[in-house]
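Breakdown of the fold
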Amino acid sequence: SFRSAEEESPTKPTPKLTVYPNPTTGLITVDLSAPVSGGILTLYGPLGDVIVSRPINNNQASIQLDLSGRPSGQYYVSLHKDDGEVIKTSFIIIK
């Protein structure tokens, strides 16, 4: 029987990054909608400076970060997956 290529390789759901609570006063959870087997999560400050960069592995689904010492402003999160995909989002810190 004939099988299409789509049946043989089901597409994985595209992960999204969700940061909560947003806005936050400092303690955040970065939630990956689908577990990621490998990549780098990078957090940028309002001026584009790298605040945190950490590897993601072992099918992690979320990461908690304490940014309570950071000033108010808009912050950015990017996930560079090992397969080359990049996912981005942002959140706000208020004091």
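All of the points below concern the structure found in this document. (Residues numbered from 1 in each chain as written. Predicted model: local features only at pLDDT ≥ 70, side-chain atom pairs only at ≥ 80, totals over all residues. Heavy atoms only, no water.)

Quick look at the pairing of strand β1 (residues 17-20)
One face of the sheet, then the other: side chains in a regular strand alternate in exactly this way. Covered by surrounding structure in β1 are L17 and V19 only, the residues T18 and Y20 on the alternate face being uncovered. When β1 meets strand β2 (residues 27-44), the two strands line up antiparallel, connected through four bridges. Across the sheet, the residue bridging to V19 is V30, located in β2. What sits between β1 and β2 in their antiparallel hairpin is a turn of six residues, with G26 showing a positive phi close to 155°. (Buried < 20%, exposed > 50% of the residue type's maximum accessible area, 1.4 Å probe, protein only. Helix = DSSP H or I, 4+ residues; strand = E, 2+ residues; numbered from the N terminus. Pairing = 2+ DSSP bridges.)

Examining the nonpolar core
Counting 19 residues, the largest nonpolar core has L17, V30, L41, L67, V77, L79 and F91 as the members making the most contacts within it. Taken together, the elements giving at least two residues each to this core come down to β1, β2, β3 (50-66), β4 (73-81) and β5 (86-93). For this core, the element with the highest residue contribution is β2, accounting for six residues. (Core = buried A, V, L, I, M, F, W, Y, C linked by side-chain atoms within 4.5 Å.)

So, the side chain of S78
By secondary structure assignment, the location of S78 is in strand β4. A relative accessible area of 4% places S78 in the buried class. Among the polar contacts made by the side chain of S78, one reaches the side chain of H80 at a distance of 3.5 Å. Not counting residues up to four positions away in its chain, the partners in contact with S78 are L17, I40, L41, T42, Y44, I87 and K88. (Polar contact = N/O pair within 3.5 Å; in protein donor to acceptor, adjacent residues only side chain to side chain. Contact = heavy atoms within 4.5 Å.)

Describing the environment of P46
Positionally, P46 belongs in the loop between β2 and β3. By relative accessible area, which is 42% here, P46 ends up partly exposed. On a C-alpha basis, the gap between P46 and Q74 in space is 5.3 Å, while along the polypeptide they are 28 residues apart. Among residues more than four places away in sequence, those in contact with P46 are G73, Q74 and Y75.

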